[in-house]
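# Secondary and tertiary structure notes
So the chains spell out like this:
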Amino acid sequence: MDDKKKYLERLPYWAHLSANEKKLVEDHSALHTYAKNGILHSYGTECLGMILLLSGELRTYILSEEGREITLFRLYEGDACVLSASCVIRQITFDPQMIADTDCTVLVVSSGIFSKLAEQNIYVRCYMFEVLSQRFSSVVWTMQQILFMGFDARLASFLVSEYDRTGTNEIEMTHEQIARHISSAREVVARMLKRFVERGLVDLKRGRILIKDIDGLRNLN
């Protein structure tokens, strides 16, 4: 319980809960670990609740009838998500899927308790809609890229974002992984990366991409 409480105190609204509310959250929350490629939330599964990512990376996506994945957004350490509590947020009319991109640990506040808190505590309700707005902004940005950006710009944007996020010019991802992240096909990614190599923007290693000209990639955005 002490370990869990340490993580519960990371919840932005924790300080604004009453003693009874804190006790409810303690009694109806849990730490979960997922191996890489583990499914946290999928169509038809039980409503998970509000999650706080403590370590690792998560990816949220929707799946077309043809089986094509469209990545909506990714989550990193310290990020929260309430789309996995869609059963208690009536305004959400679609059911995204959530998968572990790496081994990860999450703190889960049960959907029932999170719903009760959001109804009775203004701080929790404001936090819920703040997180929702952040995630939907990410979704809109993803849709804008797919609809209005050329594929070379989309791929360059992804590589630049990974460079900025990790602080290294070596991206350890396969073509298949990149394709999932930018909602494309592996073959399309491979062809465009070869063009980037020809232009001196990147070098390709087995399972890795070495960025040689970050400014050149930025200029493609």
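Let me begin by describing the structure that accompanies this report. (Residues numbered from 1 in each chain as written. Predicted model: local features only at pLDDT ≥ 70, side-chain atom pairs only at ≥ 80, totals over all residues. Heavy atoms only, no water.)

## Some remarks on the overall build of the protein
Check the secondary structure of the protein and you find 8 helices and 11 strands. Considering only C-alpha atoms, the protein reaches an extent of 65 × 35 × 30 Å along its principal axes. Counting contacts in the protein only where the partners sit at least 6 residues apart, residues at least 24 apart contribute 69% of the total. Distance between charge centres in the protein, computed from 27 positive and 29 negative side chains, equals 2 Å. (Helix = DSSP H or I, 4+ residues; strand = E, 2+ residues; numbered from the N terminus. Contact = heavy atoms within 4.5 Å. Lys, Arg positive; Asp, Glu negative; His and termini not counted. Charge placed at Lys NZ, Arg CZ, Asp CG, Glu CD.)

## Description of the pairing of strand E3 (residues 50–55)
Within a regular beta strand, the side chains point alternately toward one face of the sheet and then the other, so they alternate between its two faces. Across the 6 residues that make up E3, a large majority, 5, are buried. Two strands pair when backbone bridges link them, and E3 and strand E8 (residues 104–109) are joined in this way by 5 bridges, in the antiparallel orientation. Note that in E8 the partner of Leu52 across the bridge is Leu107. Here 2 bridges tie E3 to strand E6 (residues 80–81), and the two strands are oriented antiparallel to one another. Bridge assignment links Ile51 to a residue of E6, and that residue is Cys81. (Buried < 20%, exposed > 50% of the residue type's maximum accessible area, 1.4 Å probe, protein only. Pairing = 2+ DSSP bridges.)

## Some points on the packing of aromatic side chains
One pass over the full model with this rule turns up 1 aromatic pair. Ring geometry for Tyr13 and Tyr127: centres 5.2 Å apart, planes at 65°, overall edge-to-face. Remark: Tyr127 occurs in helix H4 (residues 122–148) and Tyr13 occurs in the loop between helix H1 (2–8) and helix H2 (19–27); sequence separation between them is 114 residues. Note on accessibility: Tyr13 and Tyr127 belong to one class, buried. (Phe/Tyr/Trp six-rings, centres within 6.5 Å; stacked < 30°, edge-to-face > 60°.)

## A look at the packing of helix H5 (residues 151–166) against helix H7 (residues 186–198)
For the pair H5 and H7, the least separation of the axes is 10 Å and the interaxial angle reads 80°. Considering their axes alone, H5 and H7 lie roughly perpendicular with respect to each other. Packed against H5, whose contacting residues are Phe151, Asp152, Leu155, Ala156 and Leu159, the element H7 presents Val188, Val189, Met192, Leu193 and Phe196 at the interface. The residue inventory of the contact of H5 with H7, partitioned by class, reads 9 nonpolar, no polar and 1 charged. (Axes fitted to C-alpha atoms, helices over the stretch in contact; angles between N-to-C directions. Parallel < 35°, antiparallel > 145°, perpendicular 65-115°, else oblique. Nonpolar A, V, L, I, M, F, W, Y, C, P; charged D, E, K, R; others polar.)

## A few points about the state of the cysteines
Here, the word disulfide means a covalent bond between the sulfur atoms of two cysteines. A complete count under the given rule lists 0 disulfides for this structure. Just so you know, Cys104 is unpaired, no disulfide at all, and the nearest cysteine sulfur is the one on Cys81, 13 Å from it. On the accessibility criterion, Cys104 (3% relative accessible area) is buried. There is no disulfide at Cys126, and the cysteine sulfur nearest it, in Cys81, is 18 Å away. For Cys126, a relative accessible area of 46% puts it in the partly exposed group. (Disulfide = S-S within 2.5 Å.)

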